[in-house]
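# What the coordinates show
For reference, the chains in residue letters:
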Amino acid sequence: MLTDQAYKDGQVLLFDKPLEWTSFQLVNKVRWLIRKNLDIKKIKVGHAGTLDPLATGLMIICTGKFTKRINEFMGHPKEYIGTFILGSTTPSYDLETEIDQTFPIDHITEDAIYAFAKAYQGKIQQQPPVFSALKKDGKRLYEYARKGEKVEIPTREITIYDFEITRIALPEVDFRVHCSKGTYIRSLANDFGKQLGSGAHLSTLRRTKIGDLTVNDAQDLTTFEALFTT
């Protein structure tokens, strides 16, 4: 078991975020476990990149002096796997909100799906989803969205290094994407549907890599808590 000083000096902890947990909840739980089990009154704990509640996978949590490295980790490329559902959209571009529109998919071929993935690589202008934590005029975008208020969201440049279709079983399409910081996979799902002359939303998402770090080396909360009793 690591000492209280070790956590204060700094640790980089890899976690597999549970489904339906917010990133904030995971950080708070880790901080609470460290403080409770090592009798520390105060310690810095932060994460290097948010995951939506409906996403799972790799989160980097830094403690103590290593919280200064958070920006370094946040700048690293990310890898995700997941599933798009063709033929329907939601306001949040994922399953956080209910389906609001449906579209035909009979005209969509496998060749068209693979062609989109091939074309959607390199530097891309992407519009973030309105249901996001980005700020505009001092308010989070999701605050406007939940009140039904319209807001202009500027596009921003991202980079898709690799976009691979791994399974097609319409309306489901599985994918793997390697992308830059700031990429919204939900927006990628929305663009995917539009470009195919239909609609689409994200149904599952898992972050598998941040830079050279992989979710295969991550721990869950049960494993982390057990470290304090061994």
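## Some words on the pairing of strand β10 (residues 156-169)
Two elements, strand β7 (residues 122-126) and β10, share 5 bridges in a ladder whose sense is antiparallel. Residue pairing for β10: glycine 122 is matched across the bridge by isoleucine 160. Two successive antiparallel strands, β10 and strand β11 (residues 172-179), enclose a turn made up of 2 residues.

## Quick notes on unusual backbone geometry
Of note, the bond from leucine 170 into proline 171 is cis; its omega dihedral lies within 30 degrees of zero at 15°. As for its position among the elements, proline 171 is in the loop between β10 and β11. Even without glycine at this site, aspartate 39 takes up a positive phi of about 55°. You can see aspartate 39 is positioned in the loop between α2 (23-38) and β2 (45-47).

## Looking at the nonpolar core
Ranked by internal contacts, the top residues of the largest apolar core, which has 45 residues, are Val30 and Phe163. Considering every element that reaches this core, the biggest residue donor is α2, with 6 residues. If you look at the next biggest cluster of nonpolar residues, it comprises 10 residues, including Ile60, Phe73, Val215 and Ala218.

## Here's the deal with the environment of threonine 159
Relative to the helices and strands, threonine 159 resides in strand β10. A relative accessible area of 14% means that threonine 159 is categorised as buried. Threonine 159 sits 20 residues away from cysteine 179 along the chain, and the two C-alpha atoms are 5.7 Å apart. Other than its neighbours up to four places away in sequence, threonine 159 contacts Gly122, Lys123, His178, Cys179, Ser180 and Thr183.

## With respect to the pattern of salt bridges
A pair can form between side chains of opposite charge whenever their charged atoms are brought close. This model, assessed by the stated rule, comprises 9 salt bridges. Here arginine 206 ties to aspartate 16 by a salt bridge, and the two come within 2.7 Å at their closest N and O atoms. Of this pair, arginine 206 sits in strand β12 (residues 200-210) while aspartate 16 is found in strand β1 (residues 11-17), placing the two residues 190 residues apart along the sequence. In this structure, glutamate 79 and arginine 176 form a salt bridge, with 3.1 Å as the shortest nitrogen-oxygen distance.

## Focus on a positive patch on the surface
Together, Lys42, Lys44, Lys65 and Lys68 line one region of the surface with positive charge. Looking at where lysine 42 falls in the secondary structure, it is placed in the loop between α2 and β2.

## Remarks on the side chain of arginine 176
Positionally, arginine 176 belongs in strand β11. Reaching out from arginine 176, the side chain makes a polar contact with the side chain of aspartate 162 at a distance of 2.2 Å. Filtering out sequence-adjacent residues up to four positions away, arginine 176 remains in contact with Glu79, Tyr80, Ile81, Asp162, Phe163, Glu164 and Thr166.

## Some remarks on the packing of aromatic side chains
Describing an aromatic ring pair means giving the distance of the ring centres and the angle of the ring planes. All told, the structure shown has 9 aromatic pairs when counted by the stated rule. Centroid distance phenylalanine 84 to phenylalanine 175: 4.3 Å. Interplanar angle 20°. Geometry classified as stacked. Here phenylalanine 175 lies in strand β11 and phenylalanine 84 lies in strand β4 (residues 78-86), a separation of 91 residues in the sequence. Look at phenylalanine 224 and phenylalanine 228: their rings are 5.2 Å apart centre to centre, the planes differ by 85°, and that puts the pair in the edge-to-face class.

About the thresholds
- Residues numbered from 1 in each chain as written.
- Predicted model: local features only at pLDDT ≥ 70, side-chain atom pairs only at ≥ 80, totals over all residues.
- Heavy atoms only, no water.
- Pairing = 2+ DSSP bridges.
- Helix = DSSP H or I, 4+ residues; strand = E, 2+ residues; numbered from the N terminus.
- Core = buried A, V, L, I, M, F, W, Y, C linked by side-chain atoms within 4.5 Å.
- Buried < 20%, exposed > 50% of the residue type's maximum accessible area, 1.4 Å probe, protein only.
- Contact = heavy atoms within 4.5 Å.
- Salt bridge = Lys/Arg side-chain N within 4 Å of Asp/Glu carboxyl O.
- Patch = residues over 30% accessible without salt bridge, like charges linked within 9 Å, V, L, I, M, F, W, Y side chains within 5 Å.
- Areas by Shrake-Rupley, 256 points an atom, 1.4 Å probe, with all protein chains shown as cover.
- Lys, Arg positive; Asp, Glu negative; His and termini not counted.
- Charge placed at Lys NZ, Arg CZ, Asp CG, Glu CD.
- Polar contact = N/O pair within 3.5 Å; in protein donor to acceptor, adjacent residues only side chain to side chain.
- Phe/Tyr/Trp six-rings, centres within 6.5 Å; stacked < 30°, edge-to-face > 60°.

These figures come from the coordinates and say nothing about function on their own.
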